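The lines below spell out each chain.
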Amino acid sequence: MKNHRETFGSNFAVIMAMAGSAIGLGNIWRFPYIVGQYGGAAFIIVYLIASLLLALPIFYAETILGRASRSNTFQAMRTFAPKTLWRHVGFLTIISPILIMGFYGVVGGWSIQYLYKSLTFSFVRSTPDAIDYYFGSYISSDFTPLIGLSIFVAIMVFITLAGVKKGIERFTKPTLPILMILIIGIAIYSVSLPGAYKGVEYLIKPDFSKLTARGVAAALGQSFFSLSLGVGTILIYASYMKKEQNIFSSGLGTALFDVVFAIIAGFAIMPAVFASGLEPSAGPGLIFKTLPFIFNKIGQTLPLVSGIISIVFFFSIFIAALTSAISLLEVGVAYLSEETRLNRKFATIVVGGIIWFLGVLCSLSFGLLSDITIGGENIFGIFDHVCSNILMPLGGLLFTIFVGWKMPKSTVYEEFTNNSTKKFNIKLYPIVRFLMRYVAPIGIIAIWISIYL
Ligand code: PHE
């Protein structure tokens, strides 16, 4: 091996690290609010189709490219297509994760603030109206959200400084199951609230007349965002995979885990939205208004239990956000430390600094900089929209075209079937190849054409 890269210990560790990247604010924060903006069940159906037919094949394309090249995106492209324009695709995978982190870090900071409010038992003692009002006044208060943002970025940088195995692997293994159990518990409670059935109906009874071309594009964007695709994150994690690990099962495992998680989060939030009289289309603040409402409600009868659940819950959201953030940071760090003379530690600090600065801009766009808008969206919204609906599908498109059409066929086959040793993968290979070559690229382009033309 030309470079002595660290590797993940086991197949399970790969799934957990990839799921740690995939499961994050995208499932808990973004999924419920996007579902609410684009009309519920019909949107979810499109999201599921997009995940299976477009996102999953691209997940495989990234994994194959990452493990075959055992390197960052630039080097991967250079290995299989030397001296071509393909090497510039690498830039996209440096820019996109840093832009994503700009708004992601802000929401990570919100989760820290809400953890702090939980620790002081604020939600238990508050009233539903005050909880609703609090979110708006908090995010527009310029300085306070910057504290959470700064803590979030600092912790993320610190963990990355500890290195791949010690930092990431150790961190991601125990936290996801805890989060899963909590979110299931909250979903059960939420569904049992008076008036919740309307929210359940909203999630399971599709009304396709409400589905717009923008909604379809948003479903595509959500499936990419949620699975961490098109930005080189999965590619980089796959480059730390061992040769004997199974690409097919780790991809499917991660995707299933991710989609199920998002749906359960939908059931935790949406019924409570209807039960509390909130608007499903309330936007990025949706979970920060709904969850405290739930905790307040539980607190009417069981204040201590409610307080503890709210602490554990916001702590878990914070951890889920952190494991995703670490994977976003890793792309830029791996690039800078392997392609330039910067050492890994210094690269981490440089990328962390840029992310913090962009985060400040996004955070201030709810207050001081709220006048700066494009098409009605503030800086935060623009970052989110451009990354999720344009840059991530674009990255995914390029990866799948590269792996489907440019990379040596034999390498793709060897990677997917572990050198023809996995019978099941051999059988599935023609389908996956067809999805990578035709369905995924055509699907993405068709969706773009439908909204921009
Ligand atoms: N998938 C992560 C989430 O759902 C976000 C993410 C996007 C992480 C891209 C890495 C790369 O929160």
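Remember, predicted model here, so these are calculated numbers, not experimental data.

Attention now goes to the overall build of the protein chain. Across its full length, the protein chain carries 19 helices and zero strands. Taking 453 residues into account, the globule formula puts the C-alpha radius of gyration at 22 Å, and the protein chain, at 21 Å, falls close to it. Classification of the 453 residues of the protein chain by burial places 60% in the buried group. The long-range fraction of contacts in the protein chain, counting pairs at least 24 apart against all pairs at least 6 apart in sequence, stands at 84%.

Turning our attention to the state of the cysteines. All told, the structure shown has zero disulfides when counted by the stated rule. No disulfide involves cysteine 362; its sulfur sits 8.6 Å from that of cysteine 387, the nearest cysteine.

It is worth spelling out the pattern of salt bridges at this point. According to the stated counting rule, one finds seven salt bridges in the structure shown. For aspartate 207, the salt bridge goes to lysine 210, with nearest N and O atoms at 3.7 Å. Looking at aspartate 207, the relative accessible area reads 29%, which means it is partly exposed. Lysine 210 sits in the partly exposed class, given a relative accessible area of 47%. One network of salt bridges, in which partners are shared, links Arg67, Lys243 and Glu415.

Turning our eyes to something else, we now look at the side chain of glutamate 415. Tracing the backbone shows glutamate 415 in helix H18 (residues 409–417). Residue classification places glutamate 415 among the buried positions, given a relative accessible area of 6%. Here glutamate 415 is in contact with Ile64, Arg67, Ala68, Lys243 and Ile247, once residues within four sequence places are set aside.

By size, the foremost hydrophobic cluster in this structure holds 159 residues, and its most contacted members are Trp29, Leu65, Trp110 and Leu291. The leading source of residues in this core is helix H15 (residues 303–339), at 16 residues. Beyond its immediate chain neighbours, meaning those up to four positions away, tryptophan 110 contacts Trp29, Phe135, Tyr138, Ile139, Pro284, Phe288, Phe366 and Phe380.

Let us look at the packing of aromatic side chains. Going through the model one piece at a time under the given rule, you end up with 38 aromatic pairs. Centroid distance phenylalanine 313 to phenylalanine 314: 6.3 Å. Interplanar angle 85°. Geometry classified as edge-to-face. Relative accessible area serves as the criterion here: at 0%, phenylalanine 314 is assigned to the buried category. Above the face of the phenylalanine 225 ring, arginine 30 is positioned so that its terminal group lies 5.0 Å from the ring centre. Over the aromatic face of tryptophan 405 sits the side chain of arginine 437, whose NZ or CZ is 3.8 Å from the ring centroid.

For the ligand, the set of nearby residues contains 16 residues, the closest of which are Ala22, Gly26, Tyr104, Phe225 and Ser228. With respect to the ligand, the backbone of glycine 26 contributes an N or O atom lying 2.8 Å from an oxygen atom. Residue tyrosine 104 places a side-chain N or O atom 2.4 Å away from an oxygen atom belonging to the ligand. Bound to the protein, the ligand loses 100% of the 320 Å² it would expose on its own. Among the elements of the structure, helix H1 (11–22), helix H2 (25–37), helix H11 (213–226) and H15 are those that each provide at least two residues to the shell around the ligand. Of the residues contributing to the shell around the ligand, the split by class is seven nonpolar, nine polar and no charged.

Here the focus is the packing of helix H3 (residues 41–69) against H11. Relative orientation of the contacting elements H3 and H11 amounts to 50°, with a least axis distance of 8 Å. The orientation of H3 relative to H11 falls into the category oblique. Every pair of crossing elements has a handedness; the one defined by H3 and H11 is right-handed. In this structure, H3 uses Phe43, Val46, Tyr47, Ala50, Ser51, Leu54, Ala55 and Ile58 to contact H11, whose residues at the interface are Gly215, Val216, Ala218, Ala219, Leu220, Gln222, Ser223, Phe224 and Ser226. Across the contact of H3 with H11, the residue classes tally to 12 nonpolar, five polar and no charged.

What counts, and at which threshold
Per chain, residues are indexed from 1 in the order of the written sequence. pLDDT decides what is reported in this predicted model: residues at 70 or higher carry local features, side-chain atom pairs at 80 or more are listed and counted, and totals for whole chains, interfaces and linings draw on all residues regardless. To get the side-chain values, take all heavy atoms of the structure and skip hydrogens and water. Only DSSP runs of H or I reaching four residues or more are called helices, and only runs of E reaching two or more are called strands; each is numbered from the N terminus. Radius of gyration here is computed from C-alpha atoms only, and the compact-globule reference equals 2.2 Å multiplied by the residue count raised to the power 0.38. Classification of residues uses two cut-offs on accessible area relative to the type maximum, computed with a 1.4 Å probe and protein chains only: under 20% is buried, over 50% is exposed, and between them is partly exposed. Any pair of residues with heavy atoms lying within 4.5 Å of one another is described as a contacting pair. By definition, disulfides here are pairs of cysteine sulfur atoms that lie within 2.5 Å. We count a salt bridge whenever a side-chain nitrogen from Lys or Arg sits within 4 Å of a carboxyl oxygen from Asp or Glu. Side-chain atoms within 4.5 Å link the members of a nonpolar core, which is a set of buried Ala, Val, Leu, Ile, Met, Phe, Trp, Tyr and Cys residues. Each pair of aromatic rings taken from Phe, Tyr and Trp, with Trp reduced to its six-membered ring, is defined by centres within 6.5 Å and is described as stacked if the planes are under 30 degrees apart, edge-to-face if over 60, and tilted in the remaining cases. In this analysis the charged atom, NZ for Lys or CZ for Arg, is taken to sit over a ring once it is within 6 Å of the ring centre and within 35 degrees of the ring normal. One heavy atom suffices: a residue is near a molecule or strand as soon as one of its heavy atoms comes within 4 Å of it. We define a polar contact as two N or O atoms separated by no more than 3.5 Å, with the added condition that, inside protein, one atom must be a possible hydrogen donor and the other a possible acceptor, whereas residues neighbouring each other in sequence contribute only through side-chain atom pairs. Only the protein chains shown count as cover for residues, and the accessible areas themselves come from Shrake-Rupley with a 1.4 Å probe. We call Asp, Glu, Lys and Arg charged. Ala, Val, Leu, Ile, Met, Phe, Trp, Tyr, Cys and Pro are nonpolar, and the rest, Gly among them, are polar. To get an axis, fit a line to the C-alpha atoms, keeping to the stretch in contact for a helix; angles then go from 0 to 180 degrees between the N-to-C directions. Should an angle fall under 35 degrees it is taken as roughly parallel, and over 145 as roughly antiparallel, whereas 65 to 115 is taken as roughly perpendicular and any remaining angle as oblique. Crossing handedness follows the turn of the near helix against the far one: under a right angle anticlockwise gives a left-handed crossing, and clockwise gives a right-handed one.

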